[in-house]
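# Analysis of the macromolecular model
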Amino acid sequence: MTLISGFRSYLHKKLLKETDKQNAGKGHKNYMLIAPQWIVEEYLSQHSTGMPRKLSDQRRGSFLYRSEADSSSRGLSRTSSMSSMTDKNGLDDIIVTPFAQILARLRDVKHCMNRLTQLPSGDDDSDNRLSGSDQQQMLLDSLSDIDWVLDHLNKIKARNSVGEMAQSKFKRMLTRELSQFSETSRSGNQVAEWVSSTYLDRDDDELDIEKRNARIPMIYTKRIINQAQQALKGNFPKFGVEVEDEDAMEEMVAQLNNWNFDMWKFNTITKDHPLVALSYIVLTERGLLRSFNIDMHPFLKYMFVIEANYHKTNPYHNAVHGADVMQACHVLLGYPVVEQVFTDLEVFAALFAAAIHDVDHPGLTNSFLTTTSSPLAILYNDHAVLENHHVATAFKYLHEDELNWTAAMPDKQRQLLRKMAIDLVLATDMSKHLSLMADIKTTVESSKVAHNGKLVLESYTERILVLQGIVHSCDISSATKSLPIYKSWTEKVIEEFCQQGDRERELKLPISPMCDRYNLSIEKSQVGFIDFIVLPLWETLAELMYPFCQEMLTQLNENRNYYFNRIPESPRGSITDGPGAEERSTLISNSEKRKPRKGALPEEDKLSDLSSIDEADEVAALETTS
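Residues numbered from 1 in each chain as written. Predicted model: local features only at pLDDT ≥ 70, side-chain atom pairs only at ≥ 80, totals over all residues. Heavy atoms only, no water.

## Quick notes on the overall build of the chain
Counted only if it meets this: Under the scheme used here, helices are H or I runs from DSSP no shorter than 4 residues and strands are E runs no shorter than 2 residues, and both carry numbers assigned from the N terminus. Burial classification: accessible surface area is computed with a 1.4 Å probe over protein chains only, and a residue below 20% of its type maximum counts as buried, one above 50% as exposed, and the rest as partly exposed. Contacts are residue-level and defined by heavy atoms, with any inter-residue pair within 4.5 Å sufficient. The Shrake-Rupley method, run with a 1.4 Å probe, gives the accessible areas here. Residue values count only the displayed protein chains as cover.
In terms of helices and strands, the chain carries 29 helices and 0 strands. Residues classed as buried in the chain amount to 53% of the 626 residues present. Of the contacts formed within the chain by residues at least 6 apart in sequence, a portion of 78% connects residues at least 24 apart. When the accessible surface of the chain is split by element, carbon and sulfur atoms take 50% of a total near 28,900 Å².

## Structural notes on the pattern of salt bridges
Any two side chains of opposite charge can pair, on the condition that their charged atoms come close. Heads up, the rule is: For this document, the term salt bridge refers to a Lys or Arg side-chain nitrogen within 4 Å of an Asp or Glu carboxyl oxygen.
Scanning all chains against the criterion turns up 11 salt bridges. One salt bridge in this structure joins Lys 441 and Glu 543, with 3.6 Å as the shortest N-O distance. You can see Lys 441 sitting in helix α23 (residues 433-450) and its partner Glu 543 sitting in helix α26 (residues 522-544), a full 102 residues away along the chain. As far as the burial class goes, Lys 441 and Glu 543 line up, both buried. The partner of Arg 517 in a salt bridge is Asp 502, with the nearest N and O atoms 2.9 Å apart. Pair noted here: Arg 517 is in the loop between α25 (483-506) and α26 and Asp 502 is in helix α25, with a separation of 15 residues, a long-range link. Here Arg 517 and Asp 502 have matching classes, each one buried. Where salt bridges share partners, they join Glu 495, Asp 502, Arg 505, Asp 516 and Arg 517 into one cluster.

## Structural notes on the packing of aromatic side chains
As a reminder of what qualifies: For Phe, Tyr and Trp, where Trp contributes only its six-membered ring, two rings pair if their centres lie within 6.5 Å, and the inter-plane angle classes them as stacked under 30 degrees, edge-to-face over 60, or tilted in between. In this analysis the charged atom, NZ for Lys or CZ for Arg, is taken to sit over a ring once it is within 6 Å of the ring centre and within 35 degrees of the ring normal.
This structure, assessed with the given rule, holds 14 aromatic pairs. When the ring of Tyr 335 is compared with that of Phe 548, the centres are 5.5 Å apart and the planes differ by 25°; the resulting orientation is stacked. Of this pair, Tyr 335 sits in the loop between α16 (319-332) and α17 (336-339) while Phe 548 sits in the loop between α26 and α27 (550-565); the two residues are 213 residues apart in sequence, bridging distant segments of the chain. Summarising the burial analysis for this pair, Tyr 335 and Phe 548 share the class buried. Across from the ring centre of Trp 259, 5.2 Å away, lies the NZ or CZ of Lys 481, which sits over that ring.

## Some thoughts on the packing of helix α18 (residues 344-356) against helix α22 (residues 411-426)
Just so we agree on the cut-off: The axes are straight lines fitted to the C-alpha atoms, using for helices just the contacting stretch, and the angles between their N-to-C directions are given from 0 to 180°. Each angle is binned into one of four classes, with values under 35 degrees roughly parallel, values over 145 roughly antiparallel, values of 65 to 115 roughly perpendicular, and all other values oblique. If you view the pair so one helix is near and one far, a crossing is left-handed when the near helix is turned anticlockwise from the far one by less than a right angle, and right-handed when it is turned clockwise.
Interaxial distance between α18 and α22 falls to 9 Å at its minimum, and their mutual angle equals 50°. Here α18 is positioned oblique relative to α22, judged by the angle of their axes. Handedness of the crossing formed by α18 with α22: right-handed. In this structure, α18 uses Leu 345, Glu 346, Ala 349, Ala 350, Phe 352, Ala 353 and Ile 356 to contact α22, whose residues at the interface are Gln 413, Leu 416, Leu 417, Met 420, Ala 421, Leu 424 and Val 425.

## Focus on α23
Basically, it comes down to this: A helix is expected to span 1.5 Å multiplied by its residue count minus one.
For α23, spanning 18 residues, the distance from its first C-alpha to its last is 26 Å, which sits close to the expected 26 Å at 1.5 Å a residue. Of all 18 residues making up α23, 15 are buried, and the element is well covered by its neighbours. One or two residues past the end of α23 sits Asn 452, with phi positive at roughly 50°.

## Observations concerning the confidence of the model for the chain
Heads up, the condition is: By definition, pLDDT measures how confident the predictor is in each residue, and it falls between 0 and 100.
For the chain, per-residue confidence averages 74 on the pLDDT scale, and residues scoring 70 or more make up 62% of the total. No element of the chain has a lower mean pLDDT than helix α5 (residues 80-89), at 35, and none a higher one than α16, at 98. Scored below 50 in pLDDT, residues 203-220 makes 39 contacts in the model with residues more than four places away or belonging to other chains.

## Description of the side chain of Asn 309
Put simply, the rule reads: The definition of a polar contact used here is a pair of N or O atoms within 3.5 Å, where within protein one atom must be able to donate a hydrogen and the other to accept one, and adjacent residues in sequence count solely through side-chain atom pairs.
One can find Asn 309 in the loop between α15 (296-308) and α16. Relative accessible area serves as the criterion here: at 0%, Asn 309 is assigned to the buried category. Within the structure, the side chain of Asn 309 is placed 2.8 Å from the backbone oxygen of Val 305, a separation counted as a polar contact.

## So, a nonpolar patch on the surface
The line we're drawing: Any residue with relative accessible area above 30% and no salt bridge may belong to a patch, with like charges joined within 9 Å and the nonpolar Val, Leu, Ile, Met, Phe, Trp and Tyr side chains within 5 Å.
A grouping of Leu 140, Leu 143, Ile 146 and Leu 150 is seen on the molecular surface, where their side chains present a nonpolar patch of about 360 Å² in accessible area. Inspection of the secondary structure assignment puts Ile 146 in helix α7 (residues 132-154). Look at Ile 146 and you get partly exposed, because its relative accessible area is 35%.

Next up, the structure:
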C-alpha cells in the first residue's frame, strides 16, 4: 500500500482535476480515469524498486495484439499520431479496435495537411519547411490513409455499432486462435469448443439439440427471514454476524484490501456467512450505508436472504464466490486512479451487483438450461437466462417490506441504482465477454485518440461500461491470484462442470465441453482460459488502471506457466494430454482397475487423464501401420 498511497499524493500534486463545465456543481466527479503515463513513469522512476516501467515489459501479449490475416501491417502498428503522442506525453499505445484506427488515420491525414499547407499543427512544434520529395511522400501517405479509411467505412453495416466492429474483428481473431489450439490434441479441441460455446454468442443455427425439462429448486424465504430476525435481536454484531474468534476476524478485516484475500478462511471464521459479513464491513467502512440513509435492520436481513439463496451444494457458484467477487471489486475500486472518478452511487451499485451477481445459481450453465427447456429459460426467452434470474431474484426480495433497505432513498436515486445493478449483472453473461471487451477497448482507444492520450468518461454509457468491465474482470479473476487460491477455485469449478456432465449423461444429452469427468485436461483448459479469455480482458483493465494491476498480470503469467508446464509432451515433441510413451502400457493395463469416485475429483497427484489412454491406442496404431 506504500506505493499506492504515495502515488495518490503525487498524483494530486501533479494533476488539476478536470470537471465538465456543464456539470459543475451537480456532484459529478473527475472524468479522467487514468493519469497521463509520463506522470506514472516519472513517479515510478523516483520511487519504484523493481516495478516494471512499462506495461509491455510485464505482460505476455494476448491474441488481440497479433496481426490479423486480412489487415495491413499499418492497421495494427502504432500510427504516426500515436508515435507523436508517445514522444510528447510518454504514451505507448497500440491501437487494435477498428473505429479507433480510423480516427487515428484521419488524424494522420489532418497532420499531413497542416504540414503541407504550412499551417501550425498542435501535434508538431517544428516550423521547418518540407522538401519536394518529402511533400510528395506525405501526399502519397495521406492518399493511402484515405483509401484505408474508405475501405473500412465501406465495411460498416448500417445497424452495426463501432463496438460491434471491434467485436467482429476480435471474434475472427479468436476463432483463428482456437482453430490452431484445437489441432494440438484431442483435448485441445475440447477446450476450444468450451471457450467458443461459453464465451462467444451462439448463432441460431447452433440451437438444434432436442430439449428436455430440468427444474431448479428455490429456497423458502420466510424461514430465512425468521433466522435472520433471531440473529439480529438486540445490538448489531460488530462484524454484521456473530463470530467466536474476534482476534482472527480482526486480522481478516485488516487484509480486506489485499488482492490475495483468503475468502475460504473468511468463510470459516464467519461461520458460513461470508457475504453478509463482507457486505456489512465494506459498505460500512466506505460510509455508503450512512450516505444513503440505509436502515441497518432490513439491510442485514436482506443480505442473509441473498446469501441463503446461494446454493451451498454448488462447489463453485456459492456465497463464497459472491463474496470473493465483491471483495475483488472493493480492491479495484479503491485504487487512486479510479476512486475519485465514480460517484458514491456508482461504487455502491458495483459492489451491490458483485454481491448478487450469482444468487440462486443452480450450478448449471445457460446452455444446459436452454437445451433442457427449463422454466427459467422459458421465462427469459433463452436470453442471458441465469443473469436475468440473478438480478430479478435480488430485486424481488426488495418488495418484501421487512427487507426493503432502499425505502429511505429518493425515487430517482433508487431507480438509478436499480438500472446500474441490472446493467452490471447482465454484463457478467460469459457469452457477452467478447462484445464487452470490444466495447471497452473501442471506448478507451477512441477517447485517447480524441483527447490526446486522456480517457474521458462523460456519458452514462461510457461510465457504466468501465464498471461492467471491472465487475466482469473480478468475476473471472481467480487466475490472477496466488497459485494456491487459483488452484482451489479451479478444482471447484471443474467439479461443478463435471456434476453438470453427470446430469447430461443421465439425461442422455451430449456432454458439454469440459464437463466429462472421464475425459478432460485441467491443465490445457486453464492454459486456454488464460490465453483466450482472462489475459485479453485484464490487459485492457491494466491499461485503464496502470500501474496498479501489474501484480495481477505477473501472477497471471506465472499461473499460466504452471499449468502449461504440467501438460506432458509426447515422444514426438508435440503437446498431448497423456503421459510419456514408457508409462502408457502401464496405464492401459491398469485402466480397468481405476474407479474414479463419482461426484469428486481425484487427488491431484493421482490424476490420470483417461483420454490419454485412447490417444495412446491411436498413436500406437498409427506407428504400427506406418
